Amino acid sequence: MEFLVSATNGSIRGSRWLLLHSVFVFAFLYLPIAVLIVYSFNGAGVGGFPPRNLTLDWYRTLFSDGAIWESVGNSLIVAAVAVVIALGLGIPAALALDRAQFPGKTLFRRLVLLPLILPGIITGLSLLMLFNEASIKLSLLTIVLGHGTALISVATTEVFAGLQKLDRAQEEASLDLGANYWQTFLRVTLPNLRLSIIGAALLIFTLSMDEIAVSFFLIGRDNTLPLEIWGRLRRGITPEINAISTIIFVFSLVAIVLWYRLRRSAEGSPEVAAELIETAVQGAES
Amino acid sequence: MLTREQPVAALEASATSSTLLDIHKIAKSFGKNVVLRGISLQVAEGEFLTILGESGSGKTTLLRIIAGFESATSGELWMGGERLDRLPPYKRRVNTVFQHYALFPHLTVEQNVGYGLRVAKHSASEIDAQVEQALARVKMTAYAKAKPSKISGGQQQRVALARALVKRPQLLLLDEPLSALDANLRRQMQLELKSLQREVGISFVFVTHDQDEAMVMSDRIALLRAGELEQVATPREIYSRPATSYAAQFIGHTNLLRADVRDGVAHCGSLFWTSQLPDGSALLSLRPENIEVAAPSGVPGKVRFRGKLRHKAFHGASELLQIECADGLLFSVRTEARSDWQGELEFEFDPADAFPVRNSEAA
C-alpha cells in the first residue's frame, strides 16, 4: 500500500495487486464503450456473441433515418446558440471578476459559478416552472435558454483562468502606445484570450450536445439527439443506436482532445478553475 | 477652480523654458500605505534623469503616475503648459519601456513596433517606413518577422525601445529595463541606451535600484527614499557632495564619522582635527579612496590613525580594506591591490575630504 503515499521512493512495479486493480478499473470504464462500438458493426444486430459478419449496414440505415438527422440538426443549433449565449454573458462576467472591485463581488462570483454544480434536474425543473409561469411554449428556444444559462459558469471559469494568466503590462503597453480602452481590449486582451475562448466554446458545445437532464424538462416537439435516442431506447436497443452513439463518442473525443491540447498550449492553469469550482461549492454549502 | 488651474508650478515651468515635465507635490497612498510624500521634481528637455531608489522607495509608482497607469492622491503633473495628470495614458506624449518589456506575444517584432502607429491610423506605407527605420536604429531589422518569444531578452529590450520611440514621445520612461539582463549585456546596453538618448535628443526618465547604472548613464540622479526625495543632483555632485548620510552610503562606499565639534576642533574617537563646522555633533562622509597609507614622514594637516586589518576585498585594480582602530572605530580604505596587506597599518586622510552630511536616520 506504499503507493498511497507519494513520498515513498520504493518501486511499486512489483505489485501484482495494483496491476489487477488497474485492469478492473479500466475494464469497468471502457468495456461498455468498446462493446457499443463493436456491436455497431455486428451483422447479427445487438444479440449474439461473439460478434460476426462485420458490416456497415447499421450506419447505412442510420444515414437514411430522417428523424435522427433532424434531431442532430436540432442539437447542433441548440449547441451553437448555447455557445453564443454562454460566452456572451460569461466573458463580461469573467472580466468583472478579474478586474472590477464592487460590493458583493464574492456573492456575485458564487452565484455565477453555482450552476456548475447545480444538478441538471434542479436547473431544468426551475426553468420549466418559470416558462410555465410566463406562458412560454416549450420549444427549441427554451432548451437553448436552458443550456445557455446553465453553461455560463463554464464560460466564466475558462475565460477567468485566461485572464488570470494575462500579463497586465501588455494592456498598459497598449494604452501607453496610444490605443484607447476599446482598442486595447480588441487588439490585445481578446487575442490573448483567444485560446481560452475557443476552449470554452468547444467544451460548452460538447456539454450541450449530450445534455439530457435540463433538456428533458424543456423539450417541446423538436427532439435533440440525446432525447431522440432516449425515446427510441424505450422501444429496445437497436444497432442503429449503437452506430449513432459511436459517432457521438468519436466527435466528443475529438472535441475534448482539442480542448485539452488548446489548454496545454496556453500553459493553462487548471488550478484556477479548480479553485473557482471550490468556491462555488463552498457558496452552495453555506 | 480657475485659480487652482494656474498654480505656481505652471508659472515656474514657463519661466524656465527648458523644463519639459514638472512634477509638483505628487503624493500617493494605497489605502493606509503612503508610497509617495509630496515629490517635486523637474525634468529638463533632452535630459537623462534617473530615479534611483531601493525597492519600496516608490520609484516605480512615480513612473506609473507619469505614464498614467496610476493616479496621484494629490499633486499635479505639467508638461508643455498642460495638465498631464488629467489625460488618460493614451493621450500623453509619454511612452514607456516596461521592466519585462511587455511585448505583444501574438504580434511579430515588426507588428509590435508598428502598433502605436497603427492605432493612430497612419498610412500603411508610412508605418512600414517608420518601423523599418526604428528597427534599423536598434539593429533588429533581421528579426522583423520573428515572434517575441523567439528572440533573446536583450533583443526584446531593443524591440520594446523601438516600439516606444517610433511614437516620437516627448518623454520616454524606462522602468528598470536592464534588470533582467545579465551583467555583460547590461553594461553594453547602458552605453547603447545613453548614446541612443543623445541621438534622439528626447528626455529619458530612467528608474533603477542600481547605483552604478545610475552613475554611468544619468545627467542627474533623483535619489528616492521611502517616498521622499533625498537628493537631486548630477552623479559627480551626489558622489562628492552627498546631502545626507543615506545618499553617501547608497551611492558608492563611504565611512560615516560621528564627530563632536568644540571650539573649531572636531573630535572623533581618539582622532581630532581643526574644523570650520559650528559647534555640536556632526556626521561626516569620508570616501574610502580618500584615505591613504601614511607617508613615512608625516604630512602636515593630515589626520593619521593606526589600525588592524580585519578584512580585505579584492576588486581587481583596487582593494577594499577593513581597518579597526584600537578605540573600536572602523574604517573602509580603498588602496591599490597588493597581496601583502596584513597586521597593523597606518593611514592618513585630509580632513577637508570628510564632507558633512545630514543624518538620514533623524529625518
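Residues numbered from 1 in each chain as written. Chains lettered and ligands numbered in written order. Predicted model: local features only at pLDDT ≥ 70, side-chain atom pairs only at ≥ 80, totals over all residues. Heavy atoms only, no water.

A.B. asks: Give me the overall build of chain A: which residues, what numbers.
C.D. replies: Across its full length, chain A carries 13 helices and zero strands. Shown N-terminal to C-terminal, the secondary structure of chain A runs as helices and strands in the order α-α-α-α-α-α-α-α-α-α-α-α-α. Sequence-distant contacts, at least 24 apart, represent 71% of the contacts inside chain A between residues at least 6 apart. For chain A, the computed accessible surface area is about 16,200 Å², with 68% contributed by carbon and sulfur atoms. (Helix = DSSP H or I, 4+ residues; strand = E, 2+ residues; numbered from the N terminus. Contact = heavy atoms within 4.5 Å. Areas by Shrake-Rupley, 256 points an atom, 1.4 Å probe, with all protein chains shown as cover.)

A.B. asks: Tell me about the overall build of chain B, and name the residues and values.
C.D. replies: The number of helices and strands found in chain B is 10 helices and 20 strands. Projected onto the principal axes, the alpha-carbon positions of chain B cover approximately 75 × 55 × 35 Å. When each of the 363 residues of chain B is scored for burial, the buried share is 49%. Restricting to contacts in chain B with at least 6 residues of sequence separation, those with at least 24 account for 64%. Between the mean site of the 43 positive side-chain charges and the mean site of the 42 negative ones, chain B shows a separation of 7 Å. (Buried < 20%, exposed > 50% of the residue type's maximum accessible area, 1.4 Å probe, protein only. Lys, Arg positive; Asp, Glu negative; His and termini not counted. Charge placed at Lys NZ, Arg CZ, Asp CG, Glu CD.)

A.B. asks: Would you mind going over the domain arrangement of chain B in detail, with residue names and values included?
C.D. replies: Residues and elements named next belong to chain B. Entries for chain B in the domain assignment read domain 1 (39–63 + 93–248) and domain 2 (257–357). For domain 1 versus domain 2, the separation of C-alpha centres amounts to 39 Å. Contact residues are listed per partner, giving nine residues for domain 1 and seven residues for domain 2. Buried area between domain 1 and domain 2, both sides added, is near 610 Å², and the carbon and sulfur share of it is 53%. Of all residues in domain 1, the largest losses of buried area upon contact with domain 2 belong to Tyr239, Pro242 and Ala248, amounting jointly to 62% of the total for that side. Remark: the boundary between domain 1 and domain 2 carries zero salt bridges. Taken together, domain 1 and domain 2 are joined by three residue pairs in polar contact (both at pLDDT 80 or more). For the side of domain 1 that touches domain 2, the element with the most residues is helix 9 (residues 235–240), which contributes three residues. (Domains from an automatic or database assignment. Buried area = accessible area lost by both parts, 1.4 Å probe. Salt bridge = Lys/Arg side-chain N within 4 Å of Asp/Glu carboxyl O. Polar contact = N/O pair within 3.5 Å; in protein donor to acceptor, adjacent residues only side chain to side chain.)

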